[in-house]
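Results of the structural survey
Residues per chain are reported as follows:
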Amino acid sequence: MATTITAPPTTVTEYAGGTLAREQVSLWRDGWRRLRRNKLALAAVVYLGLLVVVAVIAFFWTPYKPNAIGTCDTYAVPSGAHPFGCDELGRDSLSRLMVGTQVSLAEGVGTAIIVLVVGVTVGLIAGYFRGTVDAVISLIINIFYGIPALLVALVLVVVLGQGLLNIMIAISATIWMDMARLVRGQTLSLREREFIEAARASGAKSGKILFGHIFPNAMGPIIVQATFVIPIAILTGAFLSFLGLGVPPPQADWGGMASEGVAAIRYVTHIVTFPSIALSVTLLAFNFFGDGLRDAFDPRQKR
Amino acid sequence: MLEVKHLSTSFFTDDGEVKAVRDVTFDLFPGETLGIVGESGCGKSVTAMSVLGLVQRPGKIVGGQILFKDRDLTKLNSEELRQIRGRDIAMIFQDPLSSLNPVLRVGFQIDEAMFAHDKIAKEDVPERGVNLLKQVRVPDAQRRVKDYPHQFSGGMRQRAMIAMGLSNRPELLIADEPTTALDVTVQAQILELLRDLNQEMGTSIILITHNLGVVAGLCKRVVVMYAGEIVEEGPVEQIFESPQHPYTWSLLRSLPRVDEKRHERLKSIEGLPPDLIAPPPGCKFNPRCPFRIEKCFSEDPPLEMVGTAQQAKCWVTMKRAYAEMNAATITDTRPGAASGVRPPAELLQVVADLRTLEEPEVLETLAENPQLLEQMVSEEPAALEQLVADHPAVAEKLVTEETAAAVDGAAEDEKSE
Amino acid sequence: MTRGTLIYIGQRVLLIVVTLLVVSFGVFAAVHSLPGNAFISEHLHGAALASVLHQYGLDQPIPIQYWNFLKGAIHGDLGNSFVIQGEAITPLVLRELSVSMELGGAALIITVGLGMLFGVIAAMRQNTWVDYLLTTIAVIGYSVPSFVLATLGILLFALALPDWTFSLFGTAIGYPLRWQGTYGDIVQLSLPAIALGFYTSGQVTRITRAAMLDVVQQDYIRTARAKGLKSRVVTIRHALRNAMVPVTSILGPLVVSIIAGSVIIENIFGIPGLGKEFVRSITSHDYNVTVGVFTIYTLLIGVANLGVDLLYTVIDPRIRY
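Residues numbered from 1 in each chain as written. Chains lettered and ligands numbered in written order. Predicted model: local features only at pLDDT ≥ 70, side-chain atom pairs only at ≥ 80, totals over all residues. Heavy atoms only, no water.

Secondary structure assignment for chain B yields 18 helices and twelve strands. Within chain B, contacts between residues at least 6 apart in sequence are counted, and of these 66% link residues at least 24 apart. Carbon and sulfur atoms provide 51% of the accessible area of chain B, an area that totals close to 19800 Å². (Helix = DSSP H or I, 4+ residues; strand = E, 2+ residues; numbered from the N terminus. Contact = heavy atoms within 4.5 Å. Areas by Shrake-Rupley, 256 points an atom, 1.4 Å probe, with all protein chains shown as cover.)

Next comes the structure, spelled out in structure tokens:
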């Protein structure tokens with residue numbers, strides 16, 4: 001922290017920063033302790049850990065090639081060789097499900113990162129500079145709140161093209177506002193605190209103050225908010241795939257597989273079942289984890 | 001009319017049983033005005049809530065009887081209690097802004113109290129609602145029944161609360177801090193209103209307050225509560241004239257007095273009310289009492305008659321305190337100040353701590369707290385002797401003429417007892 | 001209605017207009033700048049293509065096209081479809097809007113009704129198994145995608161009733177997988193509306209529960225009980241009425257969620273609503289329809305948000321703009 005401020009000597013800032021850093025440390029430690037006591041959140045963490053392991057394994061090994069057609073009969077029901085059965089083209093559902101894990105996690109985490117970068121930057125700028133800048137940003141946020149989210153994502157995917165990155169950008173465009181609004185509020189209140197005043201008085205540049213002082217102190221709520229972005233992003237991604245505007249075929253993903261399953265529902269039910277369960281349980285796990293994180297790290301929400 | 005006998009109410013929290021009200025006994029005659037006084041947390045509100053059966057989980061009435069017109073309210077089921085609430089016994093609360101529902105019209109909130117019971121004919125309700133507001137002197141009542149609480153001023157809200165309380169012509173009105181949230185002129189108006197109601201309609205009133213001045217303005221009789229118990233009870237004039245419990249005495253001293261020529265610094269009562277989960281042994285006021293004696297630390301005094309119609313729960317009582325201290329006025333209200341009696345555990349602990357220290361540190365501590373040595377000399381000579389045995393240098397500090405004499409005197413006292 | 005309220009409404013209407021302009025231009029420019037359109041995919045060539053493009057004004061620069069669109073839109077004319085040639089979009093969209101509104105309205109009623117009911121019960125039975133069960137259902141509600149729930153519903157119907165219909169008191173009741181085009185058919189509407197409403201009901205449960213737990217601590221609840229009101233009256237008239245204030249605050253986002261969900265649900269159940277039309281238009285490059293539907297949805301959300309703001313003043317008399 002001391003390195004971010006050049007001249008003159010900044011004992012006050014360093015002192016304030018130091019105290020705050022210590023407060024933060026104990027806040028994190030308390031938070032982790034509370035989180036560990038939440039059994040549901042812990043179970044969610046274990047499940048999500050396993051999911052990451054599956055996603056990593058799927059890079060190196062799957063029972064069959066996920067896009068290989070005709071590994072068994074069309075609509076083959078689950079069996080020893082194909083525990084989750086096969087789809088319309090005779091592709092192994094287990095292999096596709098494993099690869100689909102990668103898509104869902106990438107969509108969730110990737111979108112969260114984009115939202116984090118965009119939302120935090122926009123929120124910091126609006127909250128710190130206030131005035132006209134804030135008014136313009138707030139208007140943009142309000143406009144985005146006024147348009148149907150999924151439709152924006154659909155149009156953007158069509159305009160940008162159906163790549164994974166484009167999908168993440170499209171989803172981000174529909175959910176960045178909550179983060180921006182949160183960070184704006186945090187910044188508005190933090191910028192009046194003494195240690196920020198001290199940093200400003202000592203001639204620190206706006207960028208340094210924003211990212212070196214305000215951002216670290218708003219970390220708790222920001223991380224909680226980012227955690228809730230993940231399930232929303234996965235869900236939106238699945239919606240897009242379900243409507244045929246997700247990752248392009250033949251890439252396997254859960255939403256697309258569920259869509260194929262619904263199409264085949266009059267003949268077999270296993271195709272729609274497994275991706276639906278995978279999606280539901282994963283979203284449930286992220287929500288439980290997010291709830292646990294919020295209860296543990298966001299004292300305002302404590303009951 | 002109302003007889004509360006040995007009432008005990010507890011709250012069962014994670015930390016243990018909070019005994020908010022213990023063994024409270026008092027009665028109320030028709031048309032009487034009774035004040036219940038005490039600091040916040042002394043159990044006066046919980047007592048009132050218990051009477052109405054409004055104590056919520058984790059709270060529970062754990063013992064005693066509440067006889068209202070010969071029916072024991074603690075034995076009634078929730079529907080029977082509901083029919084008494086607001087109909088026979090009404091209650092008004094401290095903060096009239098938070099106690100009125102913000103999203104419902106004031107008139108509706110008064111009317112619904114009448115609709116909930118069959119005492120007032122349904123068709124008379126709207127008109128009576130307006131008349132009640134007129135009766136409690138809300139101007140332009142006809143129009144203001146349609147207002148919401150936030151459109152009323154603080155005093156008007158409290159008037160509306162009173163109108164609501166009176167709507168079913170209850171026999172008993174319990175007013176919990178009815179004037180606390182209001183400014184002084186409005187306070188006086190509300191008190192006057194309550195006094196008129198009592199005199200004109202014969203409604204009995206229990207007034208709960210922390211302010212003895214408010215009691216003096218309205219009540220005939222007063223009950224003083226401390227730490228969940230009644231510590232003094234009697235006619236208002238008598239108690240104001242000669243309080244017998246040191247707590248009542250301290251409360252009265254904390255009142256600002258208009259008739260006093262010299263403006264003395266307001267004396268608040270030193271210390272905090274005791275922890276109701278694990279209260280101190282003996283009298284519960286002992287940690288804060290200026291007049292305590294050794295007995296106060298070991299035995300809990302009973303509530304005894306101390307004069308005509310006056311009861312107090314104290315081993316000493318002010319009568320004896322004045323006599324023994326040989327003084328007409330006592331000004332120092334600090335814990336133990338007047339009697340000099342230290343809680344035994346406290347002083348012994350200090351000595352025990354000192355014995356574990358190195359000698360220079362002990363001397364330093366004693367030098368910093370000159371009165372400590374004096375207290376040891378007067379109260380715990382035996383412990384002091386042990387300290388001197390451990391740290392001979394302490395003896396040197398004692399060898400000034402005064403203290404040496406004191407030690408000798410104390411040692412002789414010890415023997416003679 | 002006070003002067004302040006009118007000024008507030010004016011500001012909100014202005015925001016709606018600005019949003020409509022920004023959004024419609026954004027979408028218009030985006031879809032019209034895409035390479036290819038419905039006509040190119042129909043293999044029209046040379047003079048024929050040029051003639052059709054000219055007929056639709058597609059040979060002009062995008063700002064001019066948008067200006068023409070805007071001139072029409074102000075008079076309620078959203079232009080013509082490319083795919084269903086000559087079909088005017090406005091009547092088409094309005095017809096579909098009525099279907100979507102029926103579905104969305106039913107879903108909104110289910111969401112708010114079920115969510116508030118569960119929320120109140122959970123709060124009244126705080127920290128009992130009932131509370132845990134209902135809050136878990138709430139989390140499941142907003143975790144399970146609506147298409148999963150819809151599929152599950154269809155499967156259950158299929159398992160119980162292989163021929164999709166059964167008889168109840170002599171009346172044939174069944175679930176048609178394809179929309180029959182009859183409005184107000186409760187049975188037909190039930191499954192899609194439940195699948196759509198259940199997702200958002202979880203959020204309502206959660207907010208209602210938290211709000212009720214907060215409200216029952218308030219002094220005016222104690223007053224209401226001291227008056228001798230029945231506990232049912234205290235809960236509904238005094239507690240729930242106040243708890244509705246925070247619930248109202250999520251109604252706006254709820255409408256947005258339901259619109260998003262309806263796009264999926266209408267596609268699964270083949271319901272001829274705006275959501276299905278939107279997906280069809282965007283996948284078949286019928287861009288005039290895309291812009292039209294988008295505009296209608298944006299207007300709908302704007303009006304819904306304005307309605308919610310006015311609803312606030314009804315529920316909480318302290319709120320004045």
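This part covers the state of the cysteines. Evaluation of the coordinates by the stated rule reveals one disulfide over all chains. Between the sulfur atoms of Cys72 of chain A and its disulfide mate Cys86 of chain A the distance is 1.9 Å. Residue Cys72 of chain A is found in the loop between helix 2 (39-60) and helix 3 (93-129), and its partner Cys86 of chain A is found in the loop between helix 2 and helix 3; the two are separated by 14 residues along the sequence. There is no split in this pair, since Cys72 of chain A and Cys86 of chain A are both buried. In this structure Cys283 of chain B is a free cysteine whose sulfur lies 5.9 Å from that of Cys296 of chain B, the closest cysteine sulfur available. (Disulfide = S-S within 2.5 Å. Buried < 20%, exposed > 50% of the residue type's maximum accessible area, 1.4 Å probe, protein only.)

Between chain B and chain C, the contact holds 27 residues from the first and 18 residues from the second. When chain B packs against chain C, the two sides together hide about 2200 Å² of surface, and 56% of this comes from carbon and sulfur. Taken as a group, Pro102, Val103 and Glu112 of chain B account for 24% of the area that chain B buries against chain C, more than any other trio of residues on that side. Counting the contacts that link chain B with chain C gives two salt bridges. Here Lys227 of chain C and Glu112 of chain B are joined by a salt bridge, their closest N and O atoms 2.7 Å apart. (Buried area = accessible area lost by both parts, 1.4 Å probe. Salt bridge = Lys/Arg side-chain N within 4 Å of Asp/Glu carboxyl O.)

All right, on to the sheet that holds strand 8 (residues 204-209) of chain B then. All names here are of chain B. Here eight strands make up an open sheet; going across it, the order is 6-7-8-3-9-10-12-11 and the pairing mixed. Each edge of the sheet is formed by a strand with only one pairing partner; in this case those strands are strand 6 (89-92) and strand 11 (304-307). Recorded for the sheet is a direction-independent mean angle of 25 degrees between the axes of neighbouring strands. As defined by bridge partners, strand 9 (residues 221-226) adjoins strand 10 (residues 229-235) across six bridges and the pair is classed as antiparallel. Paired with Tyr226 across the two strands is Glu229, which belongs to strand 10. (Pairing = 2+ DSSP bridges. Axes fitted to C-alpha atoms, helices over the stretch in contact; angles between N-to-C directions.)

Right, let's talk about the pattern of salt bridges for a bit. Taken as a whole and assessed by the stated rule, the structure comprises 34 salt bridges over all chains. Where Glu32 of chain B meets Arg221 of chain B, a salt bridge forms, and the shortest distance between an N and an O atom there is 2.6 Å. Here Glu32 of chain B, found in the loop between strand 2 (16-28) and strand 3 (33-37), pairs with Arg221 of chain B, found in strand 9; they are 189 residues apart in sequence, far enough to count as distant. The same class applies to Glu32 of chain B and to Arg221 of chain B, which are both buried. Connected through shared salt-bridge partners, Asp87, Arg91, Arg96 and Glu260 of chain A make up one network.

Here the focus is the pairing of strand 3 of chain B. Two faces belong to every sheet, and in a regular strand the side chains alternate between them. All names here are of chain B. Among the five residues that make up strand 3, five are buried, leaving the element largely enclosed by the rest of the structure. Along strand 3, one buried face is formed by Thr33, Gly35 and Val37 and the opposite face, lined by Leu34 and Ile36, is buried too. With five bridges connecting them, strand 3 and strand 8 associate as parallel partners. Across the sheet, Val37 pairs through a bridge with Thr209, a residue of strand 8. Here four bridges tie strand 3 to strand 9, and the two strands are oriented parallel to one another.

Quick look at the environment of Ala126 of chain A now. Residue and element names in this part refer to chain A. Residue position: Ala126 is located in helix 3. Counting along the chain gives 57 residues from Ala126 to Val183, while the straight-line C-alpha distance between them is 8.9 Å. Setting aside anything within four residues of it in sequence, one finds Ala126 in contact with Asp134, Ile137 and Arg184.

Attention now moves to unusual backbone geometry. Pro249 of chain A connects to Pro250 of chain A through a cis peptide bond whose omega is 10 degrees. Mapped onto the elements of the fold, Pro250 of chain A is located in the loop between helix 9 (219-242) and helix 10 (254-263). Positive phi is not limited to glycine here, since Lys69 of chain B has a value of about 50 degrees. Its location among the elements puts Lys69 of chain B in the loop between strand 4 (59-68) and strand 5 (71-72). One non-glycine residue with positive phi stands out, namely Asp140 of chain B, at about 60 degrees. Position of Asp140 of chain B relative to the elements: it lies in the loop between helix 5 (125-135) and helix 6 (141-144). When its relative accessible area of 43% is taken as the criterion, Asp140 of chain B is described as partly exposed.

All names here are of chain C. Enumeration over the complete set of coordinates arrives at 14 aromatic pairs over all chains. Relative to Tyr66, the ring of Phe25 lies with its centre 4.9 Å away and its plane at 80 degrees, an arrangement referred to as edge-to-face. Pair noted here: Phe25 is in helix 1 (residues 3-32) and Tyr66 is in helix 4 (residues 62-74), with a separation of 41 residues, a long-range link. Taking relative accessible area as the criterion, Tyr66 reaches 8% and is therefore assigned buried. Considering the side-chain rings of Tyr66 and Phe69, the 5.9 Å spacing of their centres and the 35 degrees angle between planes classify their relative orientation as tilted. You can see Tyr66 and its partner Phe69 sitting in helix 4, three residues apart, about one turn around the helix. Neither residue differs from the other here; Tyr66 and Phe69 are each classed as buried. (Phe/Tyr/Trp six-rings, centres within 6.5 Å; stacked < 30°, edge-to-face > 60°.)

Attention shifts here to a nonpolar patch on the surface. Residues and elements named next belong to chain A. Side chains of Val52, Val53, Val56, Ile57, Phe59, Phe60 and Trp61 sit close together on the surface and give an oily, nonpolar patch of about 770 Å² of accessible area. Structurally, Val52 can be placed in helix 2. A residue is classified by how much of its surface remains accessible, and Val52, at 43% relative accessible area, is partly exposed. (Patch = residues over 30% accessible without salt bridge, like charges linked within 9 Å, V, L, I, M, F, W, Y side chains within 5 Å.)

Ranked by size, the top nonpolar core spans 130 residues in total, and within it Leu154 of chain A together with Phe147, Ile268 and Phe294 of chain C carry the most contacts. It is helix 9 of chain A that provides the largest number of residues to this core, a total of 13 residues. Residue contacts for Phe294 of chain C: discarding those within four places in its chain leaves Ile147, Pro148, Leu151, Val152 and Val155 of chain A together with Val23, Val27 and Phe278 of chain C. By size, the runner-up hydrophobic cluster in this structure holds 100 residues, among which are Cys42, Phe152, Met161 and Val223 of chain B. (Core = buried A, V, L, I, M, F, W, Y, C linked by side-chain atoms within 4.5 Å.)

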